[in-house]
Amino acid sequence: MKKSGNTIIITGGGSGIGRLLAQRLHDAGNSVIIASRDTAALAQTAQGYANMHTLPLDQTDPASIDAFAQRIASHFPQANVLINNAGIMRMEGTLASKRDLADAEESVTNNLLGPIRLTNALIDHLVAQPDAALVNVTSGLAFVPLVIAPTYSAIKAGIHNYTVSLRAVLKDKVEVIEIAPPALRTTLTPGQENNERFMPPEVFIDQVMEQMQRDQTPTEVLVEEVDFMRRAEKEDRFEETVAAINPFLAN
Ligand SMILES: NC(=O)c1ccc[n+]([C@@H]2O[C@H](COP(=O)([O-])OP(=O)(O)OC[C@H]3O[C@@H](n4cnc5c(N)ncnc54)[C@H](OP(=O)(O)O)[C@@H]3O)[C@@H](O)[C@H]2O)c1
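Heads up: these notes are all about the structure in this document. None of the values given here were measured: they were computed from a predicted structure.

### Here we look at the overall build of the chain
Piece 1. Of the regular secondary structure elements, the chain holds nine helices and seven strands.
Piece 2. Expected size for 251 residues packed as a compact globule is a radius of gyration near 18 Å; at 18 Å, the chain falls within 12% of this value.
Piece 3. Based on the C-alpha atoms only, the size of the chain along its principal axes is roughly 55 × 40 × 35 Å.
Piece 4. For the chain, the residues scored as buried account for 48% of the 251 residues in total.
Piece 5. A fraction of 64% describes how many contacts in the chain between residues 6 or more apart in sequence connect residues 24 or more apart.

In structure tokens, the structure reads:
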């Protein structure tokens, strides 16, 4: 990805990874457009950042995605990078008995269909831009599932594969990058921001920025804390890694 001078759309810029990434990419010399449902949180992220703009977006709603894409075309025709970062995470229990699938369905609509629909709404625009890039935020759980969040893990694996396909079909048109974070101290799930076993998001973003500022951004932006999951299958230690990250399986 070009190191500076981009106009970057980041979904989920009102908190966590999206907020930090927006601020750091802004300070690296890019214009940034952040988008999510909570416009007050977006305004907080953008406060004091001259080249940061906010737009409302609910990626579960196709009409909201269409309106967003139209605003990008009319107000930010130079936008050349889309970072699909927004998402939710729901713990689902053990699946050992029949249950209400509302959480699973909400996750599919938000985390899977959301980025697919948004990418589709903006793809013609991106393909027409010089130096275009598409960045999908997946997870270490794309490679080794957390068994109490099976739908979330399945979706992240799905977005990983979708990203691989996009990279092939968009070759020489749009650079396609995946960021697969490890567990971080954000507000993604209740209490997570205080979990000291998880990586501080600021430290994670420092390492992400270092990789994004290289002459050639890696196709997969991975930090050491997630690399053992990415390589588990290749190194023939998949089952033991599933057990290692799922404490009650290990016992
Ligand atoms: N934190 C981790 O441990 C971790 C690890 C691996 C991967 N990830 C991934 O990293 C991404 C960011 O997560 P985070 O940790 O930064 O969590 P976060 O602080 O909860 O941020 C999630 C962001 O997504 C936005 N969002 C959720 N649903 C949306 C929707 N329908 N439309 C538009 N925006 C929506 C939220 O804003 P609104 O609610 O205001 O819309 C929020 O700003 C997610 O894709 C997550 O799966 C996180």
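### Notes on the packing of helix α3 (residues 62-75) against helix α4 (residues 102-127)
Piece 1. Contact pair α3 / α4: the axes reach a minimum separation of 10 Å and the direction vectors enclose 30°. Accordingly, the angle class assigned to the pair α3 and α4 is roughly parallel. Where α3 crosses over α4, the two elements pack in a sense that is right-handed. Two secondary-structure elements touch here, α3 through Pro62, Ile65, Phe68, Ala69 and Ile72 and α4 through Gly114, Arg117, Leu118, Ala121, Leu122 and His125.
Piece 2. Across the contact of α3 with α4, the residue classes break down as eight nonpolar, two polar and one charged.

### Let's talk about the site of the ligand
Piece 1. For the ligand, the set of nearby residues contains 30 residues, the closest of which are Ile17, Asn85, Tyr152, Leu184 and Thr186.
Piece 2. For the ligand, an oxygen atom lies 2.8 Å from a polar atom in the backbone of Leu184.
Piece 3. The separation between an oxygen atom of the ligand and a polar side-chain atom of Thr186 is 2.6 Å.
Piece 4. For the shell around the ligand, the elements supplying multiple residues, two or more each, are α1 (16-27) and α5 (150-169).
Piece 5. In the shell around the ligand, the residues fall into eleven nonpolar, 15 polar and four charged.

### Quick look at the sheet that holds strand β6 (residues 175-179)
Piece 1. Strand order in the open sheet formed by seven strands is β3-β2-β1-β4-β5-β6-β7, and the pairing between neighbours is parallel. Among the strands making up the open sheet, the edge pair consists of β3 (52-56) and β7 (220-221).
Piece 2. Here strand β1 (residues 7-11) runs beside strand β4 (residues 81-84); their pairing, made up of three bridges, is parallel. What sits directly across from Ile8, in β4, is Val81.
Piece 3. On top of the sheet, α4 reaches β1, β4 and β5 (133-137); it is set at about 175° to β4, its chief contact.

### Examining α4
Piece 1. Counted at 1.5 Å a residue, the expected span for α4 with its 26 residues is 38 Å, and the 36 Å between its end C-alpha atoms agrees.
Piece 2. By the largest-angle criterion, Leu113 marks the main kink of α4, which is about 45°, and a proline, Pro115, follows within four residues.
Piece 3. For α4, the set of buried residues is Ala104, Ser107, Asn110, Asn111, Gly114, Pro115, Leu118, Thr119, Leu122, Ile123, His125 and Leu126.
Piece 4. Here the buried face of α4 lies against β1, α3, β4, β5 and α5.

### Quick word on the packing of α1 against helix α2 (residues 39-46)
Axes are the key here: two packed helices are described by the angle between their axes and the distance separating the axes.
Piece 1. Put simply, α1 and α2 touch, their axes get as near as 10 Å, and they point 35° apart. The interaxial crossing formed by α1 with α2 has right-handed handedness. Across the interface between the two elements, Arg19, Ala22 and Gln23 from α1 touch Ala41, Gln44 and Thr45 from α2.

### Regarding the nonpolar core
Piece 1. Grouped together as the largest cluster of nonpolar side chains are 44 residues, with contacts concentrated most on Met1, Ile10, Leu21, Leu25, Ile83, Ile179 and Phe204.
Piece 2. Discounting residues that sit within four places of it in the chain, Ile83 has contacts with Ile8, Ile9, Ile10, Thr11, Leu21, Leu25, Val135 and Val137.
Piece 3. Residues Leu57, Phe68, Leu122 and Ile123 belong to the second largest nonpolar core, which totals 22 residues.

### Quick notes on α5
Along an α-helix, a turn takes 3.6 residues, which lines up residues three or four apart on a common side.
Piece 1. Here α5 is 20 residues long and its end C-alpha atoms lie 29 Å apart, about the 28 Å a rise of 1.5 Å per residue gives.
Piece 2. Every buried residue of α5 is listed here: Thr151, Tyr152, Ser153, Ile155, Lys156, Ile159, His160, Thr163 and Leu166.
Piece 3. Each element contacted by the buried residues of α5 is listed here: α4, β5, β6, β7 and α7 (224-230).

### Some remarks on the environment of Asp58
Piece 1. With respect to the secondary-structure elements, Asp58 resides in the loop between β3 and α3.
Piece 2. For the pair Asp58 and Gln211, spaced 153 residues apart in the sequence, the C-alpha separation amounts to 29 Å.
Piece 3. With residues up to four places along the chain from it excluded, the contact list for Asp58 reads Arg37, Ser64 and Ile65.
Piece 4. Here the side chain of Asp58 touches Thr60 through a polar contact of 2.7 Å, side chain to side chain.

### Here we look at empty space enclosed by the protein
Piece 1. Applying the stated criterion to the full structure yields one cavity of 30 Å³ or more.
Piece 2. There is about 60 Å³ of room inside the largest cavity.
Piece 3. The set of elements that each furnish at least two residues to the lining of the largest cavity consists of α4, β5 and α5.
Piece 4. Its residues assigned to classes, the lining of the largest cavity comprises four nonpolar, four polar and one charged.

Calculation criteria
- Residues numbered from 1 in each chain as written.
- Predicted model: local features only at pLDDT ≥ 70, side-chain atom pairs only at ≥ 80, totals over all residues.
- Heavy atoms only, no water.
- Helix = DSSP H or I, 4+ residues; strand = E, 2+ residues; numbered from the N terminus.
- Rg over C-alpha atoms; globule rule 2.2 N^0.38 Å.
- Buried < 20%, exposed > 50% of the residue type's maximum accessible area, 1.4 Å probe, protein only.
- Contact = heavy atoms within 4.5 Å.
- Axes fitted to C-alpha atoms, helices over the stretch in contact; angles between N-to-C directions.
- Parallel < 35°, antiparallel > 145°, perpendicular 65-115°, else oblique.
- Left-handed = near helix turned anticlockwise from the far one by under 90°.
- Nonpolar A, V, L, I, M, F, W, Y, C, P; charged D, E, K, R; others polar.
- Near = heavy atom within 4 Å.
- Polar contact = N/O pair within 3.5 Å; in protein donor to acceptor, adjacent residues only side chain to side chain.
- Pairing = 2+ DSSP bridges.
- Expected span 1.5 Å × (residues − 1).
- Bend = angle between axes of the 7 residues up to and from the residue.
- Core = buried A, V, L, I, M, F, W, Y, C linked by side-chain atoms within 4.5 Å.
- 1 Å grid on protein atoms, 1.4 Å probe; cavity = no way out; pocket = protein on both sides within 12 Å on 5 of 7 lines; lining within 4 Å.
- Points joined across faces, edges and corners; volume = space filled by probe spheres on them.

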